[in-house]
Amino acid sequence: MAELLVVEDDERIRTALIRGLRERGHVVTSVGTALAGLQRAVEDRPDLVVLDLGLPDLDGTELLRMLRAVSRVPVIVATARDEDAGVVAALDAGADDYVSKPFRMEQLEARIRAVLRRASSADADATLTVGPLTVDVPGRRVTHGGRPVDLSPKEFDLLAYLAARAGTVVSKRELMREVWQLPYGGPDKTVDVHLSWLRRKLGESATAPQLLQTVRGVGVRLAEPG
Ligand code: CA
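Rules used throughout
Residues numbered from 1 in each chain as written. Predicted model: local features only at pLDDT ≥ 70, side-chain atom pairs only at ≥ 80, totals over all residues. Heavy atoms only, no water. Donors = N, O, S within 2.8 Å, 3.2 Å for Na, K, Ca; no water. Buried < 20%, exposed > 50% of the residue type's maximum accessible area, 1.4 Å probe, protein only. Helix = DSSP H or I, 4+ residues; strand = E, 2+ residues; numbered from the N terminus. Expected span 1.5 Å × (residues − 1). Pairing = 2+ DSSP bridges. Axes fitted to C-alpha atoms, helices over the stretch in contact; angles between N-to-C directions. Contact = heavy atoms within 4.5 Å. Core = buried A, V, L, I, M, F, W, Y, C linked by side-chain atoms within 4.5 Å.

**Remarks on the coordination of the calcium ion**
Link 1 in the chain: The protein atoms that coordinate the calcium ion are D9 (OD), D52 (OD) and G54 (O), at distances of 2.2 to 2.3 Å.
Link 2 in the chain: Owing to a relative accessible area of 4%, D52 belongs among the buried residues under this scheme.
Link 3 in the chain: By relative accessible area, G54 is classed as partly exposed at 29%.

Structure below.
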């Protein structure tokens, strides 16, 4: 069960969405315009937003950019078949996932569960382990081979974000958006500089990477050395 915000201007779809999501035990509020959606998302702090891309006042992707400047609430974009090009733009703007219309409620529910699961493991109340590395997220402590590693707050946030996604490649753009909360990007070298500090503190170098692996042209991955 989650608190959901539905932003959808089509009365018929909105009614069906609200009914379907409530039947599945969610608490649902809904609005029909982008600006009302932005306001509700900020004031009500829902667990997740289901966002229609084609809205009367603003494009859904525009709303997403504005929302990402102030909030990390998970967003699933709902897109009509002829808006498929918009999906890429929406994902770039910070959407967590999408469904194509017409979709079945079971499909949306499965996406909602997956996105919420990912979101909660991202700010996990757990200790993450990657090879010799342990990241105690709530305690903000890191050990490497059992020895404590002294990190700055930003270095810790960066490492915890990567550890929560261990084994997958994360783009620098995503790091900029999610760790630095700069949805429009920031100084070019910010991520690189922090990664190199992190490497040094983990006793690695870019030429001899162990846990922190750069994937050229894509991003960076935290993983057990193959
Ligand atoms: Ca629409």
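**A few points about helix α6 (residues 153–164)**
Spacing of three or four residues puts side chains on the same side of an α-helix, whose turn is 3.6 residues.
Link 1 in the chain: Under the 1.5 Å per step criterion, the end-to-end length of α6 is 16 Å for 12 residues, consistent within 8% with the ideal 16 Å.
Link 2 in the chain: Within the sequence span of α6, burial applies to E155, F156, L158, L159, A160, Y161, L162 and A163.

**Points about the sheet that holds strand β3 (residues 48–52)**
Consider a sheet: its strands pair through backbone hydrogen bonds, and that pairing is either parallel or antiparallel.
Link 1 in the chain: If you walk across this open sheet you meet the 5 strands as β2-β1-β3-β4-β5, and the pairing is parallel. Of all the strands in the sheet, the pair left with one neighbour each is β2 (27–31) and β5 (97–100). Strand after strand, the sheet turns through a mean of 20° between neighbouring axes, direction not considered.
Link 2 in the chain: Here β3 runs beside strand β4 (residues 75–79); their pairing, made up of 4 bridges, is parallel. When the bridges of β4 are listed, V49 appears paired with V75.
Link 3 in the chain: Here helix α2 (residues 34–44) sits on the sheet and contacts β1 (3–7), β2 and β3; the angle it forms with β1, its principal contact strand, is near 165°.

**A few points about the nonpolar core**
Link 1 in the chain: Counting 28 residues, the largest nonpolar core has V135, L159, L162, L175 and L222 as the members making the most contacts within it.
Link 2 in the chain: Of all the elements in the fold, those that place two or more residues in this core are β6 (127–130), β7 (133–136), α6, α7 (172–178), α8 (190–201) and β11 (219–222).
Link 3 in the chain: Here this core gets 7 residues from one element, more than from any other, and that element is α6.
Link 4 in the chain: Within the second largest apolar cluster, 19 residues are counted, among which are L5, L63, V77 and A90.

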